[in-house]
Each structure stands twice: as structure tokens, then as C-alpha cells.
Amino acid sequence: DSGVTQTPKHLITATGQRVTLRCSPRSGDLSVYWYQQSLDQGLQFLIQYYNGEERAKGNILERFSAQQFPDLHSELNLSSLELGDSALYFCASSVDQGGETQYFGPGTRLLVL
Amino acid sequence: GENVEQHPSTLSVQEGDSAVIKCTYSDSASNYFPWYKQELGKRPQLIIDIRSNVGEKKDQRIAVTLNKTAKHFSLHITETQPEDSAVYFCAASRNDYKLSFGAGTTVTVRA
């Protein structure tokens, strides 16, 4: 157990819908990272938040957005869902802004039908 | 930004043999190099890491080497076992900046 929690574990929804994925970082970690992993794909970095502020942005679609709250938990919002958005979504956390170990949560498996 | 390339993409080894995965990075300022192991459907887990002030680090059957001049680092797994079968990711970063991951290597250990 890494100490990073994600909910829900599984999510099944329909095209065009909107979902929210939630992540709680390890105690004391200030950075949260979101990754998308499609079948047989690597870890595609989406976005990083550090202490409530957006820190870095990857290949995140405009239909996707995220935020980090004062208690440091983070939410990833996916809207106008398409079949191709079906994937494992991982959250990771680290102590500082970067240059150190990231600890991954168990992931949320999203299936868009 | 940092670009990390990882080879090979797949690796099949006989149980008991060694496995080597190589990564190159582009940013000479990168100074932290972790390796993650991901079993099917599970989270990536850190297995070993190295910082740029060290050339080699070992942990039981796993070792990582770093060549800063050539900007490459490698993961070595000796005496491979079936439970070593997984996807392995290398990564690199510099101070105060996010990790950049390689594309992953799928390792299969044949019994």
C-alpha cells in the first residue's frame, strides 16, 4: 500500500457523460500527478498540481480538467466522454514539486460504452 | 523538456538468466532516475532509484547503473524468476520538476 488512495476503483459510463475521479495523496505530500494508461500503453502524463496550484501540464485534452483542494486531495474531471477515453487513470503523489519519488495510487478503471 | 527513451520494448528471458533494460535521457540537468515495476492491472511500484552523484546501486537481485556522460542508465535483474514478469518503466527528472517516463519494457520470464 503506497498511502495514495483513489476512488472509485471502477467506473462504467456512456459516451457523452461526465465523471469525476478522486485522489488523496500520501500524508505530507504536496504534489499530485494524474496519468492515463490505455491498454498496452505507457503512462501518459496529464497534469500536476503542487500545493493547490497547477505546476505542469502534459497531453491533457480540453475536455479534461483537474484541481487540487486546500486539503490537498485532487479531482480529475472528464467530460463529453468518448470510447477512446476508456483507460486506467492513476494518481501519484510526491513530497515536493519534483525530482523525487512518485507514489502511485491503485488507479481507477474507466470504461466508456 | 526531458525526453526518455527505453529499450527494448519487450524482453523474454529464461528463468535464472539476467535481464537488462536500457534508458537514455536528453536533459543533462536530470539528476534523479527511478525504476518502476508494474504488474498487470496494478499500480506502478518503485523498485530502485539512483541519483546522479552515484554510478551504481544494488538491492539484492536488482542493480541500476548510471553513465552521466553518455546520459544513459540501465536496470539489471539477475537470476530472474517468474515473479519478475511485469512491465518496467524508467524515469528521469531534475530538481523541482516532474518525472519523465520511458515507454516501458514488458519482461517475460520463461519457466
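One can find the structure itself at the top, above this paragraph.
Conventions used here
Every chain begins its residue count from 1, and numbering advances along the sequence as written. Lettering of chains starts at A and numbering of ligands starts at 1, both following the order in which they are written. Owing to the predicted nature of the model, reporting of local features is limited to residues with pLDDT of at least 70; listing and counting of side-chain atom pairs is limited to 80 or more, with chain, interface and lining totals taken over all residues. Side-chain calculation: all heavy atoms of the structure are included, whereas hydrogens and water are not. Contact definition: two residues touch when any of their heavy atoms are within 4.5 Å. Here the buried area means the combined drop in accessible surface, using a 1.4 Å probe, for two parts upon being joined, counting both sides. Only one rule defines a salt bridge in this text: a Lys or Arg side-chain nitrogen within 4 Å of an Asp or Glu carboxyl oxygen. N or O atoms within 3.5 Å of each other form a polar contact, as long as, within protein, one can give a hydrogen and the other can take it, and as long as residues adjacent in sequence are counted only when both atoms are side-chain atoms. The numbering of helices and of strands both runs from the N terminus, where a helix is a DSSP run of H or I of at least 4 residues and a strand a run of E of at least 2. Note on residue categories: nonpolar means Ala, Val, Leu, Ile, Met, Phe, Trp, Tyr, Cys or Pro, charged means Asp, Glu, Lys or Arg, and polar means any other residue, Gly included. A pair of Phe, Tyr and Trp rings is counted when the ring centres sit within 6.5 Å of each other, with Trp represented by its six-membered ring. The angle between the planes then sorts it: under 30 degrees is stacked, over 60 is edge-to-face, the rest tilted. A 1.4 Å probe rolled over the protein chains alone gives each residue an accessible area, and that area as a share of the maximum for its type sets the label: buried under 20%, exposed over 50%, partly exposed in between. To sit over a ring, a charge needs its Lys NZ or Arg CZ within 6 Å of the ring centre and within 35 degrees of the ring normal. The rule is simple: put a 1 Å grid over the protein atoms alone, call a set of points where a 1.4 Å probe fits but cannot get out a cavity, call an open set with protein on both sides within 12 Å along at least five of seven lines a pocket, and count a residue as lining if it has an atom within 4 Å of a point. Grid points are joined across faces, edges and corners, and a volume is the space filled by probe spheres set on the points.

Caption draft 1: Structural detail: the interface of chain A and chain B. Facing the 23 residues of chain A at the interface are 20 residues of chain B. Here chain A packs against chain B, burying approximately 1,700 Å² in sum over the two surfaces, 55% of which is carbon and sulfur. Put simply, chain A and chain B have zero salt bridges between them. At the junction of chain A and chain B, the tally comes to five residue pairs in polar contact (both at pLDDT 80 or more). The set of elements that each furnish at least two residues to the side of chain A that touches chain B consists of β4 (31-37), β5 (44-50) and β6 (53-57) of chain A. Of the residues in the side of chain A that touches chain B, the class split is nine nonpolar, ten polar and four charged.

Caption draft 2: Just the packing of aromatic side chains, in detail. Under the counting rule described, the total for this entry stands at twelve aromatic pairs over all chains. On the numbers, 6.2 Å between centres and 85 degrees between planes, the contact of A:F90 with A:F104 is edge-to-face. Linking A:F90 in strand β9 (residues 87-94) with A:F104 in strand β10 (residues 103-104), this pair joins segments that are 14 residues apart in sequence. The class for A:F90 is buried, based on a relative accessible area of 0%. According to the relative accessible area criterion, A:F104 is buried, its value standing at 1%. Here the aromatic cluster, defined as three or more aromatic residues joined through ring pairs, consists of A:Y35, A:F45, A:F90, A:F104, B:Y36 and B:F101. Note that A:R26 overlies the ring of A:Y103, its terminal NZ or CZ placed 3.8 Å from the centroid. The side chain of B:R94 reaches across the aromatic face of B:Y97, ending 4.9 Å from its centre.

Caption draft 3: Up close: the layout of surface pockets. By volume, the largest pocket is sized at about 500 Å³. Residue lining of the largest pocket: 22 residues in total, with A:Q37, A:S38, A:L39, A:D40 and A:Q41 positioned closest to the centre. Put simply, the parts of the chain that give the lining of the largest pocket at least two residues each are β9 of chain A together with β9 (86-92) and β11 (105-110) of chain B. Element by element, the count of residues in the lining of the largest pocket is highest for β9(B), at three residues. For the lining of the largest pocket, the class distribution of residues is eight nonpolar, eleven polar and three charged. One number sums up the size of the second largest pocket: a volume of about 260 Å³. Taken together, the residues of the lining of the second largest pocket break down into seven nonpolar, seven polar and two charged.

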